[in-house]
Amino acid sequence: YSGSAAWGNQGQWAASDGAFLFRLDGPGVSAPSKHALVQNPGHAIYCHGGHGPTFGAGHDLYIQNSAGIGGATNVTATSNLGATYSQAGITTLAESSSVTVVEWEVFSVEVQPSVENLLKEALSVPGETPECQALLSKVRDLLTVARADQHLLKRRRNELATRRAHL
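A.B. asks: What is the right way to look at the overall build of the protein in this model?
C.D. replies: Broken down by element type, the protein carries two helices and eight strands. Seen in sequence order, the protein has helices and strands lined up from the N terminus as β-β-β-β-β-β-β-β-α-α. Taken against the 2.2 N^0.38 rule, which gives 15 Å for 167 residues, the C-alpha radius of gyration of the protein at 22 Å runs more than 25% over that of a compact globule. Expressed as lengths along the three principal axes of its C-alpha atoms, the size of the protein is roughly 70 × 55 × 30 Å. Intrachain contacts of the protein at a sequence separation of at least 6 include 50% that bridge at least 24 residues. Within the structure as shown, the protein displays about 11,500 Å² of accessible surface, and the carbon and sulfur contribution to it stands at 55%. Of the charged side chains in the protein, 12 are positive and 14 negative, and the gap between their average positions amounts to 11 Å.

Dropping the structure here:
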């Protein structure tokens, strides 16, 4: 995810707020992982018309085109986490450091406003009646309790799954 940086073809590195790489679960990986930008922030992405998407100063993720047999185009992705993006326990985003891309999926990340921020905004509306402010405060408190209960329930489910796996 390129975060706040826009892709272009200016032939230079671009900084980005919020950029990250991720790996979905798959062969050899039991859970998805997220790899945040941790160093070299000015090298979040490389924008060049002759290159495929490039993330990180050490090509933490680089997608390139190479001529294939009979004029077909193979797409190769290489990854070497750690130069710019966190390793988070793994060094590559695929089964090996270089793979042929067979299938693409494109994701869009949209920031959703949190309920807490929406309530905070509603409470700050000038001229709001004390009754309305009290009601919004109660809603916020109830949501906080519900969130805590949800977290506890999730932890209990994980504990049960672990126990079942060891039976």
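Read on, since the account is not over.
A.B. asks: I tried to follow unusual backbone geometry on my own but got confused; where do I start?
C.D. replies: Note: most residues except glycine have negative phi, and most peptide bonds are trans. Notably, asparagine 40 is not glycine yet its phi reads approximately 50 degrees, a positive angle. Structurally, the position occupied by asparagine 40 is in the loop between strand S3 (33–36) and strand S4 (45–48). Since its relative accessible area comes to 35%, asparagine 40 is described here as partly exposed. Located in the positive-phi region is histidine 59, a residue other than glycine, with phi close to 55 degrees. Positionally, histidine 59 belongs in the loop between strand S5 (54–55) and strand S6 (61–67). Of the residues examined, histidine 59 reaches a relative accessible area of 33% and is grouped as partly exposed.

A.B. asks: Please explain the environment of alanine 94 as it appears in this structure.
C.D. replies: Tracing the backbone shows alanine 94 in the loop between strand S7 (73–79) and strand S8 (98–101). Along the chain, alanine 94 and alanine 83 lie eleven residues apart, while their C-alpha atoms are 17 Å from each other. Excluding residues within four positions of it along the chain, alanine 94 makes contact with Arg23, Ser79 and Val99.

A.B. asks: Is there a simple way to think about the pairing of S4 in this case?
C.D. replies: The side chains of a regular strand alternate between both faces of the sheet. Relative to S4, strand S1 (residues 10–14) is paired through four bridges, and the arrangement is antiparallel. Bridge pairing in S4 links tryptophan 13 to tyrosine 46.

A.B. asks: What am I meant to see in the packing of helix H1 (residues 115–123) against helix H2 (residues 130–165) here?
C.D. replies: Two numbers describe a pair of packed helices, the interaxial angle and the distance between the axes. Relative orientation of the contacting elements H1 and H2 amounts to 165 degrees, with a least axis distance of 10 Å. With respect to each other, H1 and H2 are oriented roughly antiparallel. By crossing handedness, the relation of H1 to H2 is classed as left-handed. Seen from H1, the contacting residues are Val115, Glu116, Leu119, Ala122 and Leu123; seen from H2, they are Gln133, Leu136, Ser137, Val139, Arg140 and Leu143.

A.B. asks: Help me understand the nonpolar core, please; the structure alone is not making it clear to me.
C.D. replies: Soluble globular proteins tend to pack their nonpolar side chains together in the buried interior. In this structure, Leu21, Ile45, Phe55, Leu61 and Tyr85 are the most contacted members of the largest nonpolar core, which totals 15 residues. Mapped by element, the contributors of at least two residues to this core are S4, S6 and S7. Those residues in contact with leucine 21, other than ones at most four positions away along the chain, are Ser33, Lys34, His35, Phe55, Asp60, Leu61, Leu81, Tyr85 and Leu93.

A.B. asks: Please clarify how the side chain of serine 2 should be interpreted in this entry.
C.D. replies: Looking at where serine 2 falls in the secondary structure, it is placed in the segment before S1. Within the local environment of serine 2, its side chain forms a polar contact with the side chain of tryptophan 7, the two groups lying 3.4 Å apart. Non-local contacts of serine 2, meaning those with residues more than four positions away in its chain, are made with Trp7, Ser16, Ala19, Ile45 and Phe55.

A.B. asks: Hey, could you run me through a nonpolar patch on the surface in this one?
C.D. replies: On the surface, a nonpolar cluster with roughly 290 Å² of combined accessible area is contributed by Phe22, Leu24 and Phe107. Structurally, leucine 24 can be placed in the loop between strand S2 (20–23) and S3.

Calculation criteria
Residues numbered from 1 in each chain as written. Predicted model: local features only at pLDDT ≥ 70, side-chain atom pairs only at ≥ 80, totals over all residues. Heavy atoms only, no water. Helix = DSSP H or I, 4+ residues; strand = E, 2+ residues; numbered from the N terminus. Rg over C-alpha atoms; globule rule 2.2 N^0.38 Å. Contact = heavy atoms within 4.5 Å. Areas by Shrake-Rupley, 256 points an atom, 1.4 Å probe, with all protein chains shown as cover. Lys, Arg positive; Asp, Glu negative; His and termini not counted. Charge placed at Lys NZ, Arg CZ, Asp CG, Glu CD. Buried < 20%, exposed > 50% of the residue type's maximum accessible area, 1.4 Å probe, protein only. Pairing = 2+ DSSP bridges. Axes fitted to C-alpha atoms, helices over the stretch in contact; angles between N-to-C directions. Parallel < 35°, antiparallel > 145°, perpendicular 65-115°, else oblique. Left-handed = near helix turned anticlockwise from the far one by under 90°. Core = buried A, V, L, I, M, F, W, Y, C linked by side-chain atoms within 4.5 Å. Polar contact = N/O pair within 3.5 Å; in protein donor to acceptor, adjacent residues only side chain to side chain. Patch = residues over 30% accessible without salt bridge, like charges linked within 9 Å, V, L, I, M, F, W, Y side chains within 5 Å. Salt bridge = Lys/Arg side-chain N within 4 Å of Asp/Glu carboxyl O.

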